[in-house]
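The primary structure of each chain is shown beneath.
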Amino acid sequence: MAQDALKRLAAEAALAYVEPRLTREAVVGVGTGSTANCFIDALAAVRHKFDAAVASSEASAERLRRRGVAVLDLNAAPALVVYVDGADEVDSRRRLIKGGGGALTREKIVAASADEFVCIIDESKLAPALGAFPLPVEVIPMARGLAARALVRLGGAPEWRQGFVTDNGNIILDVHGLQIEDPLALEREINNIVGVVCNGLFAANAADVVFVASPRGVTQM
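Nothing here was measured: the structure is a model prediction, and the numbers come from that model. (Residues numbered from 1 in each chain as written. Predicted model: local features only at pLDDT ≥ 70, side-chain atom pairs only at ≥ 80, totals over all residues. Heavy atoms only, no water.)

J.: An account of the overall build of the protein is requested, with residue identities and associated values reported.
T.: Broken down by element type, the protein carries 6 helices and 13 strands. Over its C-alpha atoms the protein spans a radius of gyration of 17 Å, differing by no more than 12% from the 17 Å that the globule rule assigns to 221 residues. Viewed in the frame of its principal axes, the protein has a C-alpha envelope of about 50 × 40 × 30 Å. When the 221 residues of the protein are sorted by exposure, 53% land in the buried category. Restricting to contacts in the protein with at least 6 residues of sequence separation, those with at least 24 account for 74%. Surface exposure of the protein reaches about 9,900 Å², of which carbon and sulfur atoms provide 50%. Looking at charge distribution, the protein has the averaged site of its 23 positive side-chain charges lying 2 Å from that of its 27 negative ones. (Helix = DSSP H or I, 4+ residues; strand = E, 2+ residues; numbered from the N terminus. Rg over C-alpha atoms; globule rule 2.2 N^0.38 Å. Buried < 20%, exposed > 50% of the residue type's maximum accessible area, 1.4 Å probe, protein only. Contact = heavy atoms within 4.5 Å. Areas by Shrake-Rupley, 256 points an atom, 1.4 Å probe, with all protein chains shown as cover. Lys, Arg positive; Asp, Glu negative; His and termini not counted. Charge placed at Lys NZ, Arg CZ, Asp CG, Glu CD.)

Next up, the structure:
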């Protein structure tokens, strides 16, 4: 089965899980990337059942609007009933690496604002330990060198994602080769580097539920 078809299966499973929680006053948080796009497309079919959505990126906000879903700024929204997003890597404890699309900071903010964080992936994203996927780190531009040297001291090999600017006006360093034995401790340590805005480890705010699509169907973690 093609990967796009698996993403759609995971998105449909998430919608079936989320739909009973939707009310006319509910606001739904939506992530960024190709798997999140599948959820946006599915969510549009039930847009009459909830009030609005909050998006973690400008691209997702535009896709929601094109599908007829009202979009709110997070600061204007009440509590979010759920946040649904994909991931680049997921371990058995539902801890994640995210940020391949560069929206990690806004994704983490919206996820932290929601009552529940639902992650949707295909089985290729499962990992026995995090770190095979390069860890994205959002950095204020003038701190690129300072942050990169600190990340090297942590054992990583940071690579500047040239030509890419986040929705926040910052840059991304993709850190290769990290041995992530304690995701929570590393998440906090990287966030304490001067000039770092956020990093793509979601351990402090791991997913509450993960739907994993494979050719055998969808399983829930």
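That covers the picture; the talk isn't over yet.
J.: How would you summarise helix α3 (residues 58-66) if you had to cite specific residues and measurements?
T.: Considered for burial, the residues of α3 that qualify are S60, A61, R63 and L64. Each buried residue of α3 sits inside an arc of 165° when the element is viewed along its axis, so together they form one side. Exposed residues pointing more than 90 degrees away from the buried face of α3 are listed as A59 and R66. Elements that come into contact with the buried residues of α3 comprise β1 (27-30), α2 (34-43) and β2 (52-55). Once α3 finishes, G68 follows within two positions and takes phi at roughly 85°, a positive value. (Arc of directions from axis to C-beta.)

J.: A description of the sheet that holds β1 should follow, citing residues and the corresponding values.
T.: Taken in spatial order, the 6 strands of this open sheet run β2-β1-β3-β6-β12-β13, and their pairing is mixed. A strand with exactly one partner marks an edge of an open sheet, and here the two such strands are β2 and β13 (217-220). Across the sheet, the axes of successive neighbouring strands diverge by a mean angle of 20°, strand direction being ignored. Bridging between β1 and strand β3 (residues 82-85) involves 3 bridges; their strand directions are parallel. Bridge pairing links V28 to V82 in β3. Those strands touched by helix α1 (residues 3-18) are β3, β6 (117-122), β12 (209-214) and β13, and its axis lies near 145° from that of β12. Here helix α4 (residues 104-113) sits on the sheet and contacts β1, β2, β3 and β6; the angle it forms with β3, its principal contact strand, is near 145°. (Pairing = 2+ DSSP bridges. Axes fitted to C-alpha atoms, helices over the stretch in contact; angles between N-to-C directions.)

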